[in-house]
Amino acid sequence: MVTGKASFLDSTTVEVAAGDDRLTISAETIVINTGSVPVIPDIRGLRQSEYMVTSTDLLHTKELPRHLAVIGGGYLGLEFAAMYRQFGSEVTVLEAFPKFLGREDDDVAEVVVGILRDQGIALVTDAKVTEVRDDSAHALVHYEVDGRPRTLEADKILVATGRAPAIQGLGLDRAGIRTTDRGAIKVDEHLRTSRPHIYAIGDVNGGPQFTYISLDDYRIVADRLLGDGTRSTTDRRAVPHTMFITPPFSTVGLTETAARERGHNVRITKKPVAQITAMPRARIMGDARGLIKFVIDADTDRILGAALISIDSQEVINLVAFAMRHDVPAGELGNSIYSHPSTTEGFNELLGTVPRVRLPSSTVKLDND
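Keep in mind it's a predicted model, so treat the numbers as computed, not measured. (Residues numbered from 1 in each chain as written. Predicted model: local features only at pLDDT ≥ 70, side-chain atom pairs only at ≥ 80, totals over all residues. Heavy atoms only, no water.)

Draft legend 1. Structural detail: the nonpolar core. In terms of nonpolar packing, the biggest core is built from 29 residues, with Val93 and Phe249 touching the most fellow members. Ranked by the residues each element gives to this core, the list is headed by helix H3 (residues 106–118), at 6 residues. Contact partners of Phe249, with chain neighbours within four places excluded, come to Tyr75, Leu101, Glu104, Val108, Val112, His241, Thr242, Met243, Ala307, Leu308, Ile309 and Ser313. Formed by 24 residues, the second largest nonpolar core is a distinct cluster that contains Ile292, Ile303, Ala323 and Leu333. (Core = buried A, V, L, I, M, F, W, Y, C linked by side-chain atoms within 4.5 Å. Buried < 20%, exposed > 50% of the residue type's maximum accessible area, 1.4 Å probe, protein only. Helix = DSSP H or I, 4+ residues; strand = E, 2+ residues; numbered from the N terminus. Contact = heavy atoms within 4.5 Å.)

Draft legend 2. Here's a closer look at the pairing of strand S20 (residues 303–309). Counting buried positions over the 7 residues of S20 gives 7, a clear majority of the element. As defined by bridge partners, strand S17 (residues 249–253) adjoins S20 across 5 bridges and the pair is classed as antiparallel. Bridged to Gly253 within S20 is Gly305. Summarising the sheet, strand S19 (residues 291–297) and S20 pair through 6 bridges and their orientation is antiparallel. Residue pairing for S20: Val295 is matched across the bridge by Gly305. Connecting the antiparallel pair S19 and S20 is a turn made up of 5 residues, with Asp301 showing a positive phi of about 65 degrees. (Pairing = 2+ DSSP bridges.)

Draft legend 3. Up close: the environment of Arg237. Inspection of the secondary structure puts Arg237 in the loop between helix H5 (211–226) and strand S16 (241–243). Along the sequence, Arg237 and Gly4 sit 233 residues apart, while their C-alpha atoms lie 37 Å from each other. Other than its neighbours up to four places away in sequence, Arg237 contacts Met324, Arg325 and Asp327.

Draft legend 4. Representation of H5 within the structure. Here H5 spans 22 Å end to end across 16 residues, near enough to the 22 Å set by a 1.5 Å rise per residue. Among the residues of H5, Ile213, Ser214, Asp216, Asp217, Ile220, Val221, Ala222 and Asp223 are the ones counted as buried. Packing partners of the buried residues in H5 comprise strand S4 (30–32) and strand S15 (198–200). (Expected span 1.5 Å × (residues − 1).)

Here is the structure:
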């Protein structure tokens, strides 16, 4: 373990610099895992603003901003918006696209947006930020909506417009390592670079930017070095995602829109959490907001995708993903026995296939009076 800044001298040697110290290290196998860095858009005055922060900066700040402006309405931007609103900040999110969560089904996105707005977060779409100017107490964020200029005051501006692979200064050309058009290190399904003895894992290889994907990358490399070498990125199916707002929003697989576009005979089952009688945990926890939606192939009863906006969704989505990876029918998931009270009980109501009981006409009514 050596702490410092490394760069390639050739395909088997790196130099590590720490202050004036230099250390040369050679190895038969090299793994690059330098992660990613925030992308700062080219907005006049933004880089120079003393009020601009990244997500890393906000994690270490000790003072609560009175008004937090967030540029970018993706997962990162909305998570920090929800977090700081709960801390007590006023929060405004400026999204350049016509709607938030544009890749999700409209019914799902509307529930998430409604929860955030009910929390008191100002969500602005079609917002083009044109300039940031500092004064003695705060920053003025100038933006346009439908061509009409607007301005808001903020004492912190979070830039949440994406992250780029951290390859600056690595000297990849000296090692003969190729990159993609988007600046990521190019890898194959076994995470080998253009130099087969050099691997790139995590955000730096341009894959999904999640910690657990980086962990799975490690498993693939470990299997190449220590196992039979059969594990690869092509093994990944039904990778779940969670936006950590309150309640959390978790998804896996296809949306309804995507499933229909791919030609599936789609069956939808969904309910607002407050209406799922068989799932009392949300009411016990005092938060019955949200929606649970399953996208199912009507011909095979296989789950194609799911969206869970509810208490415990960050845990429950893993069970759904597991069922999808192993082709467990939706009915099997719906007819299983779950502990009580738990969020998974909701599957009994949404996915269960127990027939409804029809009472005979000659029923007897019991009256306590």
